[in-house]
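So the chains spell out like this:
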Amino acid sequence: MQKSVKPALGNSQRGCLVGFAVVWTAFSLFFLVMALRDAGSGPGFFGALFILPFLAIGIGLLCFGLAPAFRALKVSPPEVLVTSDMLRLGEPFTFTLRQEFKAPLHVESARADLVLRESASYTRGTDRYTDTHEQILGSAYAPAREYRAGERLELSETFTIPANGMHTFQGKNNKIEYFIKVSIIIAKWPDVKEDYPVVVVPERYHALREV
Amino acid sequence: MLKSITPDCDIRVTLRTGEEMGGGMRRFLPGESVEGEVTVRTLKDVKCNHLWVRFAWHTEGRGDRDRSVVHEQDVYQGTLRAGEPMAFPFQFLAPRDPWSFAGVYINIVWAIEVDVDVPWAVNPRYEHALVLAPAWAR
C-alpha cells in the first residue's frame, strides 16, 4: 500500500507567486510605457532601460509560476507514491513516480534523488537569505526515450534512510529535511522539477522491529 | 568539569551522568537523566535574585540562531557569599529530540546554561555543552 505525496511547493504557493508576479509585471509595464512616452528625451530613454530588468524579473516569475499549468497541456501532473512518508532511521521505503503524457514528447532524462537538505536562513540588513546544502543519499534513473500520447513514464526505486543519520528538524531559521527530488527533462517543453518531502522521525527502524 | 570566570563570579558545571567522550564532553541518550552540580564562587557578596540552571539547545552555523529551553530550574535565591563556593545540584530528563548535529551549515548544540540573575548588573552566564544522541547515531 503506497501513499501519495504532495510537492513541497504546493498549488496555493504557486498561485500566490503568480498573483505577485502579475502585480509586479503590471507595475513594471506601466512605468515602462510612461518612460517610453518620454523616450525622445534623454532621461526617458534611460528610465526605460532602468525598468527593463524589473520587467524581466516579473516575466520570469510569471513563467516559473505558470510552468506547471503550461506543462499540463502535454504532460499530466507527476504522481509520487511512497510506502510511508513518516520514516525511521535505517528504514527502507519504496518510491514510485508516475508521469503520463498527453502528447508525443521526447524525455531526455528522468531522475529521482533522495536528498538530505540543510537550509539555513539569515538576515543581512533588510534582506533575508537562505543557503542550502544537499547530500544525495540515493538515486534512480529512467533512460531517455520517446513517449507517445497516453504512454506513462514509471520510475520506482527502494531507498533507505541512513541508519546513522539525522532525523528531520524544522527550526524557525534552520531546517534539516529529507526530500525526493524529481527532475524530468523534456525536449522543447517545460521540465518537471519538484521536491517531495518525507519526514524522518527520531527513532531507529531495527530497534523498533526487535521490540 | 569546566568553568567560566567573569571578574566577579566563577561558575563550574560538573556532570555526573552520561558517557565521557573526551575533551570534557559527555554524551547523553534521549530519555536519560542528566544530573550534575553547579558550583558558584564570587569575589564579593552578591545578591542573587535567581540562579537559573537551564537545559537548552541552540543552533550554530550560517543561519540565524534557533533556540529552545527544554527545562529550567531556579536553584537558589539569596546572597552568594564572597569566597565561599556554593554547590547546587540539578537533574533534568533528556528529551527525545532534537539530537546534537554537526552539518555543513547547521550545528545543533545542547548545553547546560547557568544564569546568575544579579540586580542592576550584567548577569554572569555560563554554557556547558554536551551531546544528546542515541548510541548508534553518528
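Residues numbered from 1 in each chain as written. Chains lettered and ligands numbered in written order. Predicted model: local features only at pLDDT ≥ 70, side-chain atom pairs only at ≥ 80, totals over all residues.

With that settled, the discussion passes to the sheet that holds strand β2 (residues 79-82) of chain A. Residue and element names in this part refer to chain A. Spatially, the four strands line up as an open sheet ordered β1-β2-β4-β8, and their pairing is antiparallel. Of all strands in the sheet, those bounded by a partner on one side alone are β1 (3-5) and β8 (152-160). Strand-to-strand, the axes of this sheet are offset by a mean angle of 25°, without reference to chain direction. Examined bridge by bridge, β1 and β2 share three bridges and lie antiparallel to one another. What sits directly across from Lys-3, in β2, is Val-82. (Pairing = 2+ DSSP bridges. Helix = DSSP H or I, 4+ residues; strand = E, 2+ residues; numbered from the N terminus. Axes fitted to C-alpha atoms, helices over the stretch in contact; angles between N-to-C directions.)

In this assembly, 21 residues from chain B lie in contact with 18 residues from chain A. Of all the secondary-structure elements, those providing two or more residues to the side of chain B that touches chain A are β6 (46-61) and β10 (106-117) of chain B. In terms of residue class, the side of chain B that touches chain A is made up of eleven nonpolar, four polar and six charged. (Contact = placed C-beta atoms within 7 Å. Nonpolar A, V, L, I, M, F, W, Y, C, P; charged D, E, K, R; others polar.)

Averaged over all residues, the pLDDT of chain B equals 91, while 93% of them reach at least 70. Scoring of the predicted complex yields 0.81 for pTM and 0.87 for ipTM. (pLDDT = per-residue confidence, 0-100.)

Turning next to the pairing of β2(A). Across four bridges, β2(A) lies against strand β4 (residues 92-100) of chain A in antiparallel orientation. Residue pairing for β4(A): A:Val82 is matched across the bridge by A:Phe95.

Quick look at the pairing of strand β11 (residues 192-204) of chain A now. Residue and element names in this part refer to chain A. Here four bridges tie strand β3 (residues 86-89) to β11, and the two strands are oriented parallel to one another. Within β11, the residue paired with Met-86 across the bridge is Val-199. Inspection of the sheet shows strand β10 (residues 174-186) paired to β11 by seven bridges, in the antiparallel sense. Residue pairing for β11: Phe-179 is matched across the bridge by Pro-197.

Let us now look at unusual backbone geometry. Geometrically, the link from B:Asp97 to B:Pro98 is a cis peptide bond, its omega value of 0° lying close to zero. Backbone geometry places A:Lys188, a non-glycine residue, at a positive phi of 55°. With respect to the element layout, A:Lys188 can be found in the loop between β10 and β11. Overall, the presence of 6 C-beta atoms within 10 Å leaves A:Lys188 in the exposed class. Even without glycine at this site, B:Trp120 takes up a positive phi of about 55°. Counting through the fold element by element, B:Trp120 comes out in the loop between β10 and β11 (125-132). The class for B:Trp120 is exposed, based on 5 C-beta atoms found within 10 Å. (Buried ≥ 20, exposed ≤ 12 C-beta atoms within 10 Å, placed from the backbone.)

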